[in-house]
Amino acid sequence: MNEPLKILVVDDNLDLADNLQDILEEKGYATAVALDGNSAMDLCRQESFGLVLLDYKLPDMDGLQLQERLAELIHADYIVITGHASIESAAKAVQREQIVGYETKPLDMARLLAFIRQVGERRKAEAKITQQSLQMGLAQE
């Protein structure tokens, strides 16, 4: 339960993806990078992630299409990141239950890191509640 939050960074900008990975790992998060949707799906078939930082525009599909596909593979929260922000894309993104954030590029790293920390704390609290519920259920049997 004290494992670091595993984060998948999906962005076709290699420099940004690498920088995000470096910053997140420096903060203690376990990370992986995918540069397109198909690579992200391949990674999620091999391991699970608690959070996906998801570029809205990818070379092989848009981020919302990818989010739908990844939701079939992993139980994760998603933060959409985009350099092409619009009211329409933001509205589409935040209507989805698993998308917990929408951030524009250039990224405000202090804001993004605070948001990631909140997601991690919420996921830990949910896991603790689930574990306690299971233990209580077993104790009552």
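Our subject is the structure listed above.
First things first, this report covers the structure right here in the doc. (Residues numbered from 1 in each chain as written. Predicted model: local features only at pLDDT ≥ 70, side-chain atom pairs only at ≥ 80, totals over all residues. Heavy atoms only, no water.)

A separate point is the pattern of salt bridges. Inspection of every chain in the model, using the stated rule, returns 10 salt bridges. One salt bridge in this structure joins glutamate 47 and lysine 6, with 2.9 Å as the shortest N-O distance. One end of the pair, glutamate 47, is in the loop between α2 (37–46) and β3 (51–55); the other, lysine 6, is in strand β1 (residues 6–10), with 41 residues separating them in the sequence. Residue classification places glutamate 47 among the partly exposed residues on the basis of a relative accessible area of 30%. When the shortest N-O distance is used, the salt bridge between glutamate 126 and arginine 122 registers 2.9 Å. One end of the pair is glutamate 126 and the other is arginine 122, both in helix α5 (residues 109–140) and four residues apart, which spans about a single turn. Classification of glutamate 126 as partly exposed rests on a relative accessible area of 36%. Of the residues examined, arginine 122 reaches a relative accessible area of 32% and is grouped as partly exposed. (Salt bridge = Lys/Arg side-chain N within 4 Å of Asp/Glu carboxyl O. Helix = DSSP H or I, 4+ residues; strand = E, 2+ residues; numbered from the N terminus. Buried < 20%, exposed > 50% of the residue type's maximum accessible area, 1.4 Å probe, protein only.)

Now for the pairing of strand β2 (residues 30–34). Bridging between β1 and β2 involves five bridges; their strand directions are parallel. In the sheet register, valine 9 faces β2, and the bridge partner there is valine 33. One crossover worth recording links β1 to the parallel β2 by way of helix α1 (residues 14–26), and it is right-handed. (Pairing = 2+ DSSP bridges. Right-handed = clockwise from strand over helix to strand, strands pointing away.)

Time to look at the packing of aromatic side chains. According to the stated counting rule, one finds zero aromatic pairs in the structure shown. One cation-aromatic arrangement involves lysine 6 over phenylalanine 49; the distance from NZ or CZ to the ring centre is 5.6 Å. (Phe/Tyr/Trp six-rings, centres within 6.5 Å; stacked < 30°, edge-to-face > 60°. Lys NZ or Arg CZ within 6 Å of the ring centre and 35° of its normal.)

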